Structures are given as structure tokens and as C-alpha cells.
Amino acid sequence: MELEDQYSPSRWVIRRGAEEALRTYSHIGDEATKKARATRKSLLHVPYGDGEGEKLDIYFPEGVSEASPFCLFFHGGYWQSGSKDTSAFMVNPLTEQGVTVVVVAYDIAPKGTLDQMVDQVTRSIVFVQKQYPCNEGIYLCGHSAGAHLAAMMLLANWTKHGVTPNLKGFFLLSGIYDLKPIVYTSQNAPLLMTLEDAQRNSPQLLLEAALTRPLDPACHVLVSVGQHDSPEFHRQSKEFYQILRQGGWNASFEEIHDMDHFEIIWNLTQKDYVLTQMILRTILQEPRRH
Ligand SMILES: N[C@@H](CC(=O)c1ccccc1NC=O)C(=O)O
């Protein structure tokens, strides 16, 4: 089944078998999280809402100052797997450079629905802005399904939350922006998305229909895909990038050389990785307030 293949990232890896790629991804995430918790000052399992799953981990740079840039990470796993407790990939290289990293948990399926996850992600960002009003910018980074959740924040309506987060940039890695095809794959079994649910939660479709311009024209949006991601993942990223440009967003597109769907994210543990460098350059070149 063609769609099934296209939306099974582990079938497209080239250096390992599918199972081994998934195992390596979990292993590296696990190790990176243990290392981050052992070597960085952190606040773990901080509630951002009343729900059992509404928790986040905050990892601070050396010489704790609340006036740092914040990078929030949203893990992937097709909205049905993954955890903040194995997703601290970027913590060490970013905190080393003075960035506070927040790894956010959300209720994956079958407990959570897409609408609930989008709402949780919205509230996690509101929480960080309220808790750290002196932040020097909030950046959102997401991988795969997590890139989808981050991308939904381009369309968030903050007015009912009483605060507008200081959003300065988005790093969207190997994401999915039109959820309709997912409805026809086995990935939808725990998600139980109807076509309407998929439409309501597709940033590609929402941006196409939106008449609004970006609130902050300086806000960067990096749309990035691995060279070895499937053709459908390439198409999704390119089309999303194009719709962002048409909508007046300060967007860029990067195909990451020789990376598959999992390497693109687990290499964020490395400071000399091209994406780590791009993320750091974007965050650190931003003029400081105060
Ligand atoms: N069952 C999927 C797993 C998967 O797609 C995935 C796993 C970990 C992190 C991100 C993933 N993809 C999208 O969120 C696969 O076969 O590749």
C-alpha cells in the first residue's frame, strides 16, 4: 500500500533496518535525557495544567538566569508514542550556549485526541511565557508529529489565554502539515481521526484559508526535511514552506544532507551537527532585549 509506505518513516532509512532505526532513536533519546538530567540544573515534571499528562521539563544553562532564550521541544511518534522522558536530544548543546530548553509532554493517543494535544501545546507555551516573562524569546522545535503540533502554533489564538508569548522562531523537522492522508493509513487506528478532525488540525489547510498575516514578521520559520525522508514527507515540507512564504512568513527550507527521519533529530545531541548550528545561530543572533 503506497500511502502506508510513504507514511512509515522507518521503512525509508538506509543505514539500518526499520526496527534497528527505531531502537536506536529510543536509545539515543534515553541516553541524552539521562545525561541532561545528570549534568544540567533542571526542574522536572513541572505541571503546566491540571491533567496528569500536562508536565514539562526545564533544563537551564550554566549560571541560571531567567533572562535567556527558551527553546521548547515537542517530540514525535505519530501522536501515539514518545515521551518527554526520552526526548532531551538538544538539551546539552543548547544549554551550553545559554539557551534554556523545555521538553514538553502531551497526552498521546489513545488517551489524547489531536484537538486536545494542540490545546495542551498551546497551554504549555502560555505557561512558559507567564512563568518566565523576562525570556529573551521563545522558540518552538518539533520533530515529525511534534513539528505538526509546533506548526499549529503559527495559527494559535492567544487572546483567551491572557498573554501573547514572545515567539521568535520555529524549527520544524520532518513534519506533517496536511493530516488528511494519515486518515487512510494504519497510523490512524489509535488516533481515530475523521476527515474533519484532520482538516481542523492541518496547518497547511488552515494557512491556505487564513487571511491573517504573521503578527511578528521577523519570526523565523525553518522547515526542514531529511534527504532520506519519503517523497511524501518531502512534498509536505516543500508545500508547507511555500504556503508560509505566500502568507508573508519569514520562512526558509532546508533539506538536510544524508539524514533519515530519525537521524535528523537524534543528531541534535551533537553541537557540530548542521541543524544544531542553524538553530543556535538563529537563536543567538537575535538582538537581546533589556
Ligand atoms: N511507526 C513509525 C514510527 C514513527 O513514525 C516515529 C517514531 C518516532 C518518532 C517519530 C516518528 N514519526 C512521526 O512522528 C514508523 O514506522 O516509522
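The model shown is predicted, which means the values in this text are computed figures rather than measured ones.

Cut-offs and rules
- Residues numbered from 1 in each chain as written.
- Predicted model: local features only at pLDDT ≥ 70, side-chain atom pairs only at ≥ 80, totals over all residues.
- Heavy atoms only, no water.
- Near = heavy atom within 4 Å.
- Polar contact = N/O pair within 3.5 Å; in protein donor to acceptor, adjacent residues only side chain to side chain.
- Areas by Shrake-Rupley, 256 points an atom, 1.4 Å probe, with all protein chains shown as cover.
- Nonpolar A, V, L, I, M, F, W, Y, C, P; charged D, E, K, R; others polar.
- Buried < 20%, exposed > 50% of the residue type's maximum accessible area, 1.4 Å probe, protein only.
- Helix = DSSP H or I, 4+ residues; strand = E, 2+ residues; numbered from the N terminus.
- Pairing = 2+ DSSP bridges.
- Right-handed = clockwise from strand over helix to strand, strands pointing away.
- Phe/Tyr/Trp six-rings, centres within 6.5 Å; stacked < 30°, edge-to-face > 60°.
- Core = buried A, V, L, I, M, F, W, Y, C linked by side-chain atoms within 4.5 Å.
- Contact = heavy atoms within 4.5 Å.
- Salt bridge = Lys/Arg side-chain N within 4 Å of Asp/Glu carboxyl O.
- Axes fitted to C-alpha atoms, helices over the stretch in contact; angles between N-to-C directions.
- Left-handed = near helix turned anticlockwise from the far one by under 90°.

Draft legend 1. Seen up close, the site of the ligand. In the vicinity of the ligand there are 13 residues, among which Ser 10, Gly 77, Tyr 78, Ser 144 and Ala 145 approach most closely. In this structure, Ser 10 approaches the ligand through a side-chain N or O atom, which is 2.7 Å from an oxygen atom. Ser 144 places a polar side-chain atom, nitrogen or oxygen, 2.6 Å from an oxygen atom of the ligand. Coverage of the ligand by the protein chains reaches 86% of its 400 Å² of free accessible surface. A class-by-class count of the residues in the shell around the ligand yields six nonpolar, seven polar and no charged.

Draft legend 2. Inspection of the pairing of strand 6 (residues 167-173) at higher detail. With respect to burial, strand 6 is a largely interior element, seven of its seven residues being buried. Of the pairings in the sheet, the one linking strand 5 (residues 138-143) to strand 6 comprises six bridges and is parallel in character. What sits directly across from His 143, in strand 6, is Leu 173. Between strand 5 and its parallel partner strand 6, the chain crosses via helix 5 (residues 145-152), and the hand of that crossover is right-handed. Where strand 6 lies against strand 7 (residues 220-226), five bridges are found, and the strand directions are parallel. Bridge assignment links Phe 170 to a residue of strand 7, and that residue is Val 221.

Draft legend 3. Region of interest: the packing of aromatic side chains. Per the counting criterion, the structure on display carries ten aromatic pairs. Ring geometry for Tyr 139 against Phe 171: centres 6.0 Å apart, planes inclined by 10°, an arrangement best described as stacked. A residue pair is termed long-range when its members are at least 10 positions apart, and Tyr 139 in strand 5 and Phe 171 in strand 6 qualify at 32 residues. With respect to burial, Tyr 139 and Phe 171 carry one shared label: buried. Three or more aromatic residues joined by ring pairs make a cluster, and in this case those are Tyr 25, Phe 73, Phe 89 and Phe 262.

Draft legend 4. Expanded view of the nonpolar core. Grouped together as the largest cluster of nonpolar side chains are 58 residues, with contacts concentrated most on Leu 72, Trp 79, Leu 140, Leu 172 and Phe 240. The biggest single contributor to this core is helix 4 (residues 114-131), with eight residues. Apart from residues lying up to four places away in sequence, Leu 140 is in contact with Leu 72, Phe 74, Ile 125, Ala 150, Met 153, Leu 167, Gly 169, Phe 170 and Phe 171. The next biggest cluster of nonpolar side chains, apart from the first, holds 33 residues, and it includes Phe 89, Leu 173, Ile 256 and Ile 283.

Draft legend 5. The pattern of salt bridges, seen in detail. A complete count under the given rule lists 20 salt bridges for this structure. One salt bridge connects Asp 258 with Arg 15, and the closest N-O pair in it is separated by 3.1 Å. With Asp 258 in the loop between strand 8 (250-256) and helix 10 (263-266) and Arg 15 in the loop between helix 1 (2-6) and helix 2 (18-39), this pair connects stretches of sequence that are 243 residues apart. The partner of Asp 119 in a salt bridge is Arg 123, and the shortest N-O contact between them spans 3.0 Å.

Draft legend 6. Region of interest: the sheet that holds strand 7. Taken together, eight strands build an open sheet; the order of strands is 1-2-4-3-5-6-7-8 and the sheet is mixed. Edge strands, defined here as strands with exactly one partner in the open sheet, are strand 1 (42-47) and strand 8. Recorded for the sheet is a direction-independent mean angle of 15° between the axes of neighbouring strands. By the bridge criterion, five bridges tie strand 3 (residues 70-74) to strand 5 in an arrangement that is parallel. Directly across from Phe 74, in strand 5, lies its bridge partner Gly 142. Sitting on the sheet, helix 2 touches strand 1, strand 2 (55-59) and strand 5, and the angle it makes with strand 2 is about 60°. Its contacts with the sheet place helix 4 against strand 1, strand 2, strand 3, strand 4 (100-104), strand 5 and strand 6, and it is angled at close to 160° to strand 3.

Draft legend 7. The packing of helix 4 against helix 5, seen in detail. Contact geometry for helix 4 and helix 5: axes closest at 9 Å, N-to-C directions at 65°. Seen along the crossing, helix 4 lies across helix 5 with a hand that is right-handed. Contacts from Leu 114, Met 117, Val 118 and Val 121 of helix 4 reach helix 5 at His 148, Leu 149 and Met 152. Of the residues in the contact of helix 4 with helix 5, the class split is six nonpolar, one polar and no charged.

Don't take any of this as a statement about function, it's just geometry.
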